[in-house]
Amino acid sequence: MATPAPKSTPGSMASFNILHGFPEALVRGMRSSFLGDADYHHLTQCETLDDVKLNLSETDYGDALADMGALIPTGLQKAAVEKLVTEFQYLRTQAIEPLSTFLDFITYEYMIENVMLLLKGTLSGRDINELIAQCHPLGMFKESTMRSIPTFESSPRGYQDLYQTVLVDTPVGPYFSLFLQETAARGEVSNVLEEVEIEIIKSSLIKYWIEDFARFVENLGGETAAIMGDLLKVRADTNAINITLNSFGTPLNEPAMRASDRKRLYPSVGHLYPAGTSMLADVGDEDELGRVLELFPQYSSIWNVHAAGGEGKSIDDAFYERDVQMLELAFEGQMHYGSFYAYVKLKEQEIRNLVWISECILQQQKEEINKFVPVFSFHAPWRSGSKSRH
């Protein structure tokens, strides 16, 4: 008779290594694959993309680029993403519950983005093969499912059928169901998916995903609930701030729509929730948004970067820097699942860095080439203080 698995919360010193020790060892070993400060220095000194390829051949990307001919930014991005997907899928095959479900939750975000890309492409009449090629590999469904999405009519009834016959059987189907139920409750069921902008639908689905993921990690308890819970709270706050900022100059910023349509896009988790999101629902311009964020020290400094508008740094850059710092710290703890999420997101940042550097070289914009956020860098702003004391 097989010995049953120990029943305890993730993070328990008694059972974590028994259940999840191997995949955790893998992901912590994969940390050594990130490009270092010396690699970035060599890449920024390159004059051509052939030089970039030559420098990357000595890194963990060497095998992924070995069979590639002339290097182009899109080709580099595709190869790097495929490498990440291969590594993630290997981690997934080694995982058992509840880690396997946690890893599945990471992929749901990409599934949402892929479905919205296909829906948006359907409305504009783009070729299905072109759209599928642009979909993120971590969020792919069966090919029959992907190809069936554009076959429905561009009508309210057609989109209802799309959900009932295709999306209902996907892992993100419950989020679409919640969106349709919420919209129906507000009396807009007839042309819900035709008249609502795609980005608003996407924001609603991402909101449901964040809330569902947050409930899942909270139920897991232990270090996972503390570390991953905080990462998701910050992600929720970032969404709320960006939704508010991007709504200025659009119908969502009209007084009648702020408290109804815009407010319902804010996740019901995060450091801003509930007081901060209630205040965000009332702001009508950037000055009012800045006054609200001044009340939250962790976001006032990020907003000041945006308000200053200097040094060529945007609010997205400030968010990326903050995210990288928090994701790096997730590797410092032991016996929790946050390191798996951190690995995927930090690799995404590294891929953005590679694409940025290669684009700057291609377009001969070398003066802009250092405007990226390195990962596990000894020169990071949050490490410079401790470094100077030694």
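Residues numbered from 1 in each chain as written. Predicted model: local features only at pLDDT ≥ 70, side-chain atom pairs only at ≥ 80, totals over all residues. Heavy atoms only, no water.

Colleague: What is the right way to read the overall build of the chain from this model?
Modeller: Secondary structure assignment for the chain yields 20 helices and 0 strands. Per-residue burial over the chain gives 51% buried out of 390 residues. Within the chain, counting contacts between residues at least 6 apart in sequence, those at least 24 apart form 64% of the total. Accessible surface, the chain as shown: approximately 18,600 Å² in total, 53% of it carbon and sulfur. (Helix = DSSP H or I, 4+ residues; strand = E, 2+ residues; numbered from the N terminus. Buried < 20%, exposed > 50% of the residue type's maximum accessible area, 1.4 Å probe, protein only. Contact = heavy atoms within 4.5 Å. Areas by Shrake-Rupley, 256 points an atom, 1.4 Å probe, with all protein chains shown as cover.)

Colleague: What exactly am I supposed to notice about the side chain of S247 here?
Modeller: Locating S247 in the fold gives a position in helix α13 (residues 222-247). Classification of S247 as buried rests on a relative accessible area of 1%. Side-chain polar atoms of S247 contact the backbone oxygen of T244, separated by 2.7 Å. Excluding residues that lie within four positions of it along the chain, S247 makes contacts with L252, N253 and R262. (Polar contact = N/O pair within 3.5 Å; in protein donor to acceptor, adjacent residues only side chain to side chain.)

Colleague: Explain the environment of E211 here, please?
Modeller: Tracing the sequence through the fold places E211 in helix α12 (residues 198-220). As for E211 and K233, which are separated by 22 residues in sequence, their C-alpha atoms are 9.3 Å apart.

Colleague: Is there a simple way to explain the confidence of the model for the chain in this structure?
Modeller: Fine structural detail should not be taken from predicted coordinates in areas where pLDDT scores are low. Residues with a pLDDT of 70 or more make up 89% of the chain, whose mean pLDDT is 87. Averaged pLDDT values over the elements of the chain bottom out at 43 in helix α11 (residues 192-195) and peak at 97 in helix α19 (residues 338-362). Note that pLDDT drops below 50 for residues 189-195; the model gives that stretch 17 contacts with residues more than four away or on any other chain. Overall, residues 386-390 carries pLDDT values under 50, and its contacts beyond four positions in sequence, including any with other chains, amount to 2 contacts. (pLDDT = per-residue confidence, 0-100.)

Colleague: Explain the packing of helix α5 (residues 73-94) against α19 here, please?
Modeller: Helix-helix packing is characterised by the crossing angle of the two axes and by the distance between the axes. Look at α5 against α19: their axes get within 9 Å of each other, and the N-to-C directions meet at 170°. The orientation of α5 relative to α19 falls into the category roughly antiparallel. In this structure, α5 meets α19 at a crossing whose hand is right-handed. Contacts from P73, L76, Q77, A80, V81, K83, L84, E87, F88 and L91 in α5 reach F340, Y343, V344, K347, E348, I351, L354, V355, S358, E359 and L362 in α19. (Axes fitted to C-alpha atoms, helices over the stretch in contact; angles between N-to-C directions. Parallel < 35°, antiparallel > 145°, perpendicular 65-115°, else oblique. Left-handed = near helix turned anticlockwise from the far one by under 90°.)

Colleague: Honestly, the nonpolar core in this entry has me stumped. Any pointers?
Modeller: Proteins that are soluble and globular tend to have nonpolar side chains buried together. Core analysis: the largest hydrophobic core is formed by 120 residues, its most contacted members being L56, F102, I106, Y175, L205, W209 and F213. Each residue touching I106, except ones within four places of it in the same chain, is listed here: F88, F213, F340, Y341 and V344. (Core = buried A, V, L, I, M, F, W, Y, C linked by side-chain atoms within 4.5 Å.)

Colleague: I tried to follow the pattern of salt bridges on my own but got confused; where do I start?
Modeller: Two side chains that carry opposite charge are able to pair once their charged atoms sit near each other. If you walk through the whole model with that rule in mind, you get 17 salt bridges. K345 serves as the salt-bridge partner of E109, at 2.9 Å between the closest nitrogen and oxygen. Placement of the pair is E109 in helix α6 (residues 99-124) and K345 in helix α19, with a sequence separation of 236 residues. Looking at K345, the relative accessible area reads 11%, which means it is buried. For R322, the salt bridge identified is with D323, shortest N-O distance 2.8 Å. Classification of R322 by relative accessible area gives buried; the value is 12%. When salt bridges that share partners are traced, they join E109, R235, K345 and E348 into one network. (Salt bridge = Lys/Arg side-chain N within 4 Å of Asp/Glu carboxyl O.)

Colleague: How should helix α2 (residues 37-44) be read in this particular structure?
Modeller: Since one α-helical turn is 3.6 residues long, residues separated by three or four positions face the same way. For α2, the set of buried residues is Y40, L43 and T44. Down the axis of α2, the buried side of the element spans an arc of 95°, and every buried residue falls inside it. On the buried face of α2, the contacting elements are α3 (49-56) and α19. (Arc of directions from axis to C-beta.)

Colleague: Explain unusual backbone geometry to me, please; I cannot follow it from the model alone.
Modeller: A negative phi angle characterises most non-glycine residues, just as the trans form characterises most peptide bonds. Looking along the chain, the bond that leaves E97 and enters P98 is cis, with omega of 0°. With respect to the helices and strands, P98 occurs in the loop between α5 and α6. For the bond from Y273 to P274, the omega torsion is 0°, close enough to zero to count as cis. Relative to the elements of secondary structure, P274 occurs in the loop between α14 (255-262) and α15 (275-280). Here M335, not a glycine, exhibits a phi torsion of approximately 60°, which is positive. Along the polypeptide, M335 turns up in the loop between α18 (315-330) and α19. In this structure, F376 takes a positive phi of about 55° despite not being glycine. Overall, F376 belongs to the buried group, its relative accessible area being 15%.

Colleague: How should the packing of aromatic side chains be read in this particular structure?
Modeller: The description of two aromatic rings rests on the distance between their centres and on the angle between their planes. For the structure on display, the rule yields 12 aromatic pairs. With centroids separated by 5.6 Å and ring planes inclined at 70°, the aromatic side chains of F34 and Y343 adopt a geometry described as edge-to-face. Of this pair, F34 sits in the loop between α1 (16-30) and α2 while Y343 sits in helix α19, and the two are 309 residues apart along the sequence. No difference in accessibility class separates F34 from Y343, as the two residues are buried. (Phe/Tyr/Trp six-rings, centres within 6.5 Å; stacked < 30°, edge-to-face > 60°.)

Colleague: Please explain α13 as it appears in this structure.
Modeller: Look at α13: 37 Å from first C-alpha to last across 26 residues, which is about the 38 Å you get at 1.5 Å a residue. Most of α13 sits out of view: 19 of its 26 residues are buried. (Expected span 1.5 Å × (residues − 1).)

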